[in-house]
Amino acid sequence: MQLAFYFDQTRCTGCYTCVVACKDWHDVPAGPASWMRVSTIEKGRYPKPFVAFLVTPCYHCQEPACVPACPVGAITKRAKDGIVIVDREACLGKDSCQLCLEACPYGAPQFGAEENATMQKCDFCLERWEEGKLPICVAGCPMRALDAGPVSEMEARYGQVRRAVGFTYDEKLRPSVVFKPKPEPAAVQR
Amino acid sequence: MVDRRDREVTGSDKVVYTTHSSHCGGGCLLKVHVKDGVVTRIETDDGEEPQYRACLRGRAFRQRMYAPDRILHPMRRVGERGEGRFERISWDEALGIVASEMKRVKEAYGPEAILYKWSGGDTSVLNSATCHYRLLNMFGGCSEVWGTFSFDGGLFAELATYGTVDTGNTRDDLLNSRLIIMWGWDPANTIQQTNTTWYLAQAREAGARVVSIDPRYTDTTATFADEWIPIIPGTDAAMLVAMAHVIISANLQDQRFLDAYTVGFERFKDYVLGKEDGVARTPAWAEAITGVPAASIERLARDYATTKPAALMAGIAPGRTAYGEQYHRAAMTLAAMTGNVGVHGGSSGGRSWAVAGPIAYYSLGRGMRAGRNPVEHTAPPRKNLIPSFGVAMRRGRVNVAKMSDAILRGKAGGYPADYKLLYLVDTNYPNQYLNVNKAVQALRKLEFVVMFEQFMTAGARFADVLLPTCTSLEKNDMALDGATGFYGYMNKAVEPVGESRCHLDICMALAEKLGIPDYNDKTDDEWLREIVAGSNDIADYDTFKRDGIHKIRLPEPYVAFKKEVEDPQSNPFPTPSGKIEIFSQRLAEMNDPTIPPIPKYIETWESRNDPLAQKYPLQLVTTHFKRRAHSQYDNLPWLRELQPQAVSISTADAQSRDIKDGDMVRVFNDRGEMIIPARVTERLMPGVVDIPQGAWYDPDERGVDRGGCCNILTRDEHSPGGAYCSNTTLVQVEKA
């Protein structure tokens, strides 16, 4: 089984609730590390601008690039649910390595501000799944723009669209996510 | 606590269902995890629909409680006032100083020399500013100011037009709209009731067309609008009047509705068509004023008149301008012309943040009575007052915009009193008040300043005595913040942080020092039980307390004026004529050309045509930020890192000034100056700059603000009907 995210880009107002809920739940201090990120994509020129928001957690790829990239095997993919986890004790730290971050096209591996910070990232709220709860970002989204569950279930419910504004699907890594993308007007100027 | 909840997540001692009161437009359900007496995690509503899910500010509440700048014990000023140097003192000593200063000022100058001001820093039912107001009234009274920062132009316009401020529909009624016109309305940032954006999303998914009129391409516009129409700030009434011209010229008005429910349409029509003064308010006329192409005005007017039902959501920001009353009056007139009043899917055109019947008028027992203020109660009514049900609207003779001026000039300047002691509760003066530099002078002139605060805010630095209050998660209370569709119970999750105390507890101790024996004889629990016992909605106090929330369930969405429209014989509008007053005799009797009896476009001061625009060519708008509720939450690191405080400037205006995104720039006018990063954007109309309001004033040694406090630039003036003019300001921007 592989768990996956769903993101409805047409609903997201870029409110950052998922980001803060995640930092609170996982006790991540303010600083460079953020397991969930919201980016604002702005295109077009006045008076016809175009704006979309994109959430970026870890997509828990079916073939994650970070796992083979790690020289000490600190990153593993769980067989039972496909969650990609990191053993922070084993991680070499950002001052000497960062190969996982270089390998990941989505910037999911995160490092705090502290000296030789070890890698941390979205763990899909694995302890919440064990209690039958959705990840904290999904449960808290004021716009009901997020969902999560087995990839087959997400596809059955929302379809198989794997593109969104600001997102590129990596065929090789197969990130576990489906989207309702925001339609981009054809005439948007760069 | 219920066992099930204790076990919900391993590791927590308990999970407390509660809420908070920070005047944020929501006040949602928080499920607070506590371990060893410390809040460790916060979840939100995952119960029955509608769920009231907290936004980023509620989710960051843990950092609010344990903020490093939390005031942990009473303090006394040791340096110059405003310098921010304090020493720790005991509660007994602090309250002793406050009581002796209050007695001294009252004896020497009379009770009117005590000026009391509160704001929405804590909107709890029991432990809020009411405790202080009761105390001051029992002490002999105090001076007050009238007017809100938010929407006094709208209140005035609603009272003139509809005779009530109860002009709103519940948000779920948006699902019945086929066209939603968002006029200066940005609920993605302002919230304006939990789930407002969620209902907007559902309305759009159900097929409603959404149009946004706004100088900014807001996040709300970006997410929901099919069309964006940028407009020059302060000219909204001109566009609305021109839309009326289109509708009248094409004979698209709902004449049956106008005949049955309104008075004065013919007078308005004469003004619009130019019969009154020879100026026809055509789309071409409005294009020159508003910057909106005549064709866009024409198209929107036709859409609004022919797409039924349509909801004109009149945001309150365009009303925060000089003569903002006219914008609100014109919006309500258009709603009546299109027959959208009192019907599902429509809108009265009243404030987007208007109260909506049963979800606003909470059914509760009365609770603590503030009593009469001997100073203001005996004073003659202020000018331009429209009688209404609310005592709050009658209080005070000085508008809040003139508070600093009144302190500085007193009786000699024509104000009712000479003010000596300033008593501030949950309010960030000078930060959130127009013309900060003048407010700072006013603060320096006073003999004594006492503040009740949670943090060392920009305002707290000016206190002589600072008394620390506790946050929502440290007390038992109730929150009814802004008619959100539910009753919220605040369950005390942990003990008050540091030596902070609740308002009622503080006031009881101060009453003793002041020699007021009968101030209060009930515990918090007794008060809360009594208040809830008087409710028709909440059956059981203990269930309400356990759940932290009581959701109001209506059989159908509430629509303002439905009964007036369905059965006008039995239900006249609460105006003198019993009709919707497009022409208001009450306004006519005010005999003031800046409050005409029919809605008119009146050019603001500091407009683009003001000679001052030669020197200061950019219009400043002061908007809401996601990460703050006014000036609250500005100090929390989790929130600060999401949105840097900056001045937004259009690409065109930035290029002509050689400003690049991220450059430090000076923003200034004759009233003040700040240095702040620039955000260069395509999402803003040229000629307009935007500084999100609420950032904390942080002057350098030259008095230049480095904190990004917009009010260093705003003008301390109000409109004749009370509109607060924070969006009527000219500035210049240049590279620092």
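Residues numbered from 1 in each chain as written. Chains lettered and ligands numbered in written order. Predicted model: local features only at pLDDT ≥ 70, side-chain atom pairs only at ≥ 80, totals over all residues. Heavy atoms only, no water.

A. Structural context of the interface of chain A and chain B. Listed as interface residues are 43 residues of chain A and, on the opposing side, 46 residues of chain B. Counting each side, the surface lost to burial between chain A and chain B is near 3700 Å², with a carbon and sulfur contribution of 51%. It is D24(A), Y46(A) and R144(A) that lose the most area in chain A upon contact with chain B, and together they represent 20% of the buried surface on that side. For the interface between chain A and chain B, the tally reads 11 salt bridges. The partner of R11(A) in a salt bridge is E205(B), with the nearest N and O atoms 2.8 Å apart. The tally of links from chain A across to chain B stands at 25 residue pairs in polar contact (both at pLDDT 80 or more). It is helix α1 (residues 17–25) of chain A that contributes the most residues to the side of chain A that touches chain B, 7 residues altogether. Broken down by class, the residue content of the side of chain A that touches chain B amounts to 22 nonpolar, 8 polar and 13 charged. (Contact = heavy atoms within 4.5 Å. Buried area = accessible area lost by both parts, 1.4 Å probe. Salt bridge = Lys/Arg side-chain N within 4 Å of Asp/Glu carboxyl O. Polar contact = N/O pair within 3.5 Å; in protein donor to acceptor, adjacent residues only side chain to side chain. Helix = DSSP H or I, 4+ residues; strand = E, 2+ residues; numbered from the N terminus. Nonpolar A, V, L, I, M, F, W, Y, C, P; charged D, E, K, R; others polar.)

B. Just the pairing of strand β26 (residues 730–735) of chain B, in detail. Bridge count for strand β21 (residues 618–621) of chain B against β26(B) is 2 bridges, and the pairing is antiparallel. From the neighbouring strand, L618(B) faces β26(B), where its bridge partner is V731(B). (Pairing = 2+ DSSP bridges.)

C. Here's a closer look at the sheet that holds strand β18 (residues 486–490) of chain B. All names here are of chain B. On the basis of which strands lie adjacent, the open sheet formed by 3 strands has the order β17-β18-β19 and antiparallel pairing. The open sheet has two free edges, formed respectively by β17 (477–479) and β19 (549–551), since each of these has just one partner strand. Strand after strand, the sheet turns through a mean of 20 degrees between neighbouring axes, direction not considered. In terms of strand pairing, β17 meets β18 through 3 bridges, oriented antiparallel. Among the inter-strand pairings, D477 is bridged to a residue of β18, identified as M490. (Axes fitted to C-alpha atoms, helices over the stretch in contact; angles between N-to-C directions.)

D. Representation of empty space enclosed by the protein in the model. Tallying each qualifying case throughout the model produces 11 cavities of 30 Å³ or more. Estimated volume of the largest cavity: approximately 270 Å³. As for the largest cavity, its lining consists of 26 residues, of which P142(A), R53(B), C55(B), I191(B) and T197(B) are closest to the centre. Mapped onto the lining of the largest cavity, the elements with two or more residues apiece are α2 (56–59), α7 (187–190) and α8 (196–205) of chain B. (1 Å grid on protein atoms, 1.4 Å probe; cavity = no way out; pocket = protein on both sides within 12 Å on 5 of 7 lines; lining within 4 Å. Points joined across faces, edges and corners; volume = space filled by probe spheres on them.)

E. Helix α15 (residues 324–337) of chain B, seen in detail. In a regular helix each residue adds 1.5 Å, so 14 residues correspond to 20 Å; α15(B) covers 20 Å between its end C-alpha atoms and thus fits that length. Positive phi appears at G339(B), one or two residues downstream of α15(B), with a value of about 65 degrees. (Expected span 1.5 Å × (residues − 1).)

F. Spotlight on the pairing of strand β8 (residues 146–150) of chain A. Residues and elements named next belong to chain A. Most of β8 sits out of view: 5 of its 5 residues are buried. In this structure, strand β1 (residues 3–8) lies alongside β8, joined through 5 bridges in antiparallel fashion. Each bridged residue has a counterpart across the sheet, and for F5 the counterpart in β8 is A148. (Buried < 20%, exposed > 50% of the residue type's maximum accessible area, 1.4 Å probe, protein only.)

G. Focus on the side chain of H328(B). Here H328(B) is to be found in helix α15. In this structure H328(B) touches G153(B), G154(B), A157(B), A314(B), G315(B), I316(B), G319(B), G349(B) and R351(B), once residues within four positions along its chain are discounted.

H. Spotlight on the packing of aromatic side chains. Applying the stated criterion to the full structure yields 28 aromatic pairs over all chains. With 5.6 Å between their ring centres and 15 degrees between their planes, Y116(B) and Y133(B) make a pair best called stacked. Taken as a pair, Y116(B) in strand β6 (residues 114–118) and Y133(B) in helix α5 (residues 129–139) lie far apart in primary sequence, 17 residues in all. For the pair Y116(B) and Y133(B), one class covers both residues: buried. Ring geometry for F268(B) and Y271(B): centres 6.5 Å apart, planes at 35 degrees, overall tilted. With F268(B) and Y271(B) both in helix α12 (residues 265–273), this residue pair falls 3 residues apart, about one helical turn. Classification of Y271(B) by relative accessible area gives buried; the value is 2%. Put simply, the rings of F7(A), Y59(A), Y106(A), F167(A) and F179(A) touch in pairs and so form one group of aromatic residues. Positioned over the ring face of F139(B) is K106(B), at 4.3 Å from the centre of the ring. (Phe/Tyr/Trp six-rings, centres within 6.5 Å; stacked < 30°, edge-to-face > 60°. Lys NZ or Arg CZ within 6 Å of the ring centre and 35° of its normal.)

I. Structural detail: the confidence of the model for chain B. Residue and element names in this part refer to chain B. The share of residues in chain B with pLDDT of 70 or more is 97%, and the mean pLDDT across the chain is 95. Segment residues 1–7 is flagged for pLDDT under 50; beyond a separation of four residues in sequence, or across chains, it makes 13 contacts in the model. Interface confidence for the predicted complex, given as ipTM, is 0.97, next to a pTM of 0.97. (pLDDT = per-residue confidence, 0-100.)

J. Spatial organisation of the sheet that holds strand β4 (residues 75–77) of chain B. Residues and elements named next belong to chain B. Within the open sheet, the 6 strands sit side by side as β5-β4-β16-β15-β14-β6. Their pairing is mixed. Each edge of the open sheet carries a strand with a single partner, namely β5 (86–88) and β6. Within this sheet the neighbouring strands show an average axis-to-axis angle of 20 degrees, counted without direction. With 5 bridges connecting them, strand β14 (residues 421–425) and strand β15 (residues 448–453) associate as parallel partners. Considered in β15, the bridge of Y423 is made with V450.

K. The side chain of E144(B), seen in detail. Residues and elements named next belong to chain B. Within the secondary structure layout, E144 lies in the loop between α5 and β7 (145–146). In this structure E144 comes out as buried when scored by relative accessible area, which is 5%. At 2.7 Å, the side chain of E144 and the side chain of Y133 are in polar contact. Leaving out residues up to four positions away in the same chain, E144 has contacts with L115, Y116, Y133, N373, E376, R395, G396, R397 and V398.

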